[in-house]
Amino acid sequence: MRISVIGCGYLGAVHAASMAKLGHEVVGIDVDQNKIKELSAGTAPFFEPGLPELLSESLRSGRLTFSTDMEDAAGAQVHFLCVGTPQKKGEYAADLRYVDAAFTALTPYVQPGDVVAGKSTVPVGTAARLADELAETAPGAILAWNPEFLREGHAVADTLTPDRFVYGVPSGEASEAAVAALDEVYATPLSTGTPRQVVDYATAELVKTAANSFLATKISFINAMAEVCDAAGADVTALADAIGLDDRIGRKFLNAGVGFGGGCLPKDIRAFMARAGELGADQALTFLREVDAINMRRRSRVVEMTREICGGSLLGKRVTILGAAFKPDSDDVRDSPALSAAAQMQLQGATVTVTDPEALQNAKGRFPELGYEPVTEHAIQDAHALVLLTEWKEYRALDPVAVSSLVTEKNIIDGRNVLDPAAWREAGWTYRGMGRP
Ligand code: NAD
């Protein structure tokens, strides 16, 4: 099939390269000239394991091209909308200006029978509104909403072999055409039995926000338990292991720590609350306010713990932050708990050095006032406290004995509960985890 992918960020670039890998002829379009230049040259503009190889392979096949010119979308049978939907400044609601701009720019090139398939995460009601607009600007074209569930760090596998597809389609005859087009796009993963659910627009939009709200709630639940464990002298890690063995609960997403961040969960739960308010259903989601509040408290808590471990004040203390990305295997620092905590520590008088294997460039762009050092050993040198905030493999594997000789004081905060407390304590460190005695 001929496919266009509008917006080539974390979602769109992987989607475009993956669709070419599945055998389609794909053009990826973005307004960011630098990004398109890099992608055209086979360079991934962000860190995502497997993406450079996938890009090279797809570009070499001749089935993948990139462009800044929307006119190049003409001729595609399916157009995927993958632009950003960030939080509006000073409000909880999602900012739909990129979706609207991309949609308006695209529709002159959409032909009758084409499918425009939204993948961006949008407030419920957006697809219905865009479908009405499409009926006027490109009669005979069909709108579908096909939310994306990829996880950064696993984006390639999640796109090529997702755990499910959700198609939000219009009612009537157009629905069959939309389903047929998307089935053809995803023929390879569907042939291996990947479930797909065909629903109406509103349900498709809500599936995505509901899934993210559930995940955010699970994380904040265990972080709330961590607060109680702290107060009671209990161990939240053992608690999570024990309750996680109940398969109605499950152990995944029950890791207490410094909480969630990134370009999705925080803004998605806020946009969901804002939209529910507009619909008169705000009471249904008041719990998400608490989920958000618990999550933000984790960042203050880790700062407080660092102050305590440094003897009550951060003034003049050298603190090393291990990890800047919001999660390992990504260079994404959008709403990163690590950087947010690092900035708070700096404000309280600490000299903060942040290290990360992939995210330093992005981190510098967001928080230029913090200190940065790419080599872990150099970053650790002379520290009064190490604070692990992103669980990259290399930080999990740090040897407490070897690291001892580098620091001024042997204090470590394990903001992700991934280190072995006994090993660190045996090596003479003061170890503190989140919700662990
Ligand atoms: P991103 O900021 O990395 O990418 C958005 C891209 O859209 C940018 O490259 C930007 O230049 C481009 N863009 C903006 N306006 C445009 C226009 N008018 N025409 C063409 N391109 C335009 O964002 P992202 O992380 O890829 O997220 C995109 C959407 O996907 C969001 O709605 C997000 O919530 C959703 N999503 C993201 C993930 C994820 O893990 N990143 C997962 C699932 C869903």
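Going by the structure above, here's the rest.
Everything quoted here is computed from the prediction, not taken from an experiment. (Residues numbered from 1 in each chain as written. Predicted model: local features only at pLDDT ≥ 70, side-chain atom pairs only at ≥ 80, totals over all residues. Heavy atoms only, no water.)

1. Re helix H13 (residues 337-347)
For step 1, the next point in the chain: Counting buried positions over the 11 residues of H13 gives eight, a clear majority of the element.
For step 2, the next point in the chain: Packed against the buried residues of H13 are helix H12 (286-309), strand E9 (318-322), strand E10 (351-355), helix H14 (360-366), strand E11 (371-372) and strand E12 (385-388).
For step 3, the next point in the chain: The positive-phi residue at the C-terminal boundary of H13 is Gly-349, with phi of around 100 degrees. (Buried < 20%, exposed > 50% of the residue type's maximum accessible area, 1.4 Å probe, protein only. Helix = DSSP H or I, 4+ residues; strand = E, 2+ residues; numbered from the N terminus. Contact = heavy atoms within 4.5 Å.)

2. Observations regarding the pairing of strand E2 (residues 25-29)
Along any regular strand the residues' side chains alternate between the sheet's two faces.
For step 1, the next point in the chain: When you tally the buried positions in E2, you get four out of five residues, the bulk of the element.
For step 2, the next point in the chain: Of the pairings in the sheet, the one linking strand E1 (residues 2-6) to E2 comprises five bridges and is parallel in character. Paired with Arg-2 across the bridge in E2 is Glu-25.
For step 3, the next point in the chain: Note on the crossover from E1 through helix H1 (residues 10-21) to E2: the handedness is right-handed. (Pairing = 2+ DSSP bridges. Right-handed = clockwise from strand over helix to strand, strands pointing away.)

3. Some remarks on the site of the ligand
For step 1, the next point in the chain: What surrounds the ligand is a group of 25 residues, the closest being Asp-30, Lys-35, Thr-85, Glu-152 and Lys-267.
For step 2, the next point in the chain: A distance of 2.6 Å is found between an oxygen atom of the ligand and a side-chain nitrogen or oxygen belonging to Asp-30.
For step 3, the next point in the chain: Note that an oxygen atom of the ligand is positioned 2.9 Å from one of the backbone N or O atoms of Thr-121.
For step 4, the next point in the chain: For the ligand, the protein covers 89% of the area, taking 830 Å² as the surface of the free molecule.
For step 5, the next point in the chain: If you list the elements that add at least two residues to the shell around the ligand, you get H1 and helix H4 (97-106).
For step 6, the next point in the chain: Residue composition of the shell around the ligand, by class: 11 nonpolar, six polar and eight charged.
For step 7, the next point in the chain: Each of domain 1 (2-199) and domain 2 (233-437) contributes no fewer than three residues to the shell around the ligand. (Near = heavy atom within 4 Å. Polar contact = N/O pair within 3.5 Å; in protein donor to acceptor, adjacent residues only side chain to side chain. Areas by Shrake-Rupley, 256 points an atom, 1.4 Å probe, with all protein chains shown as cover. Nonpolar A, V, L, I, M, F, W, Y, C, P; charged D, E, K, R; others polar. Domains from an automatic or database assignment.)

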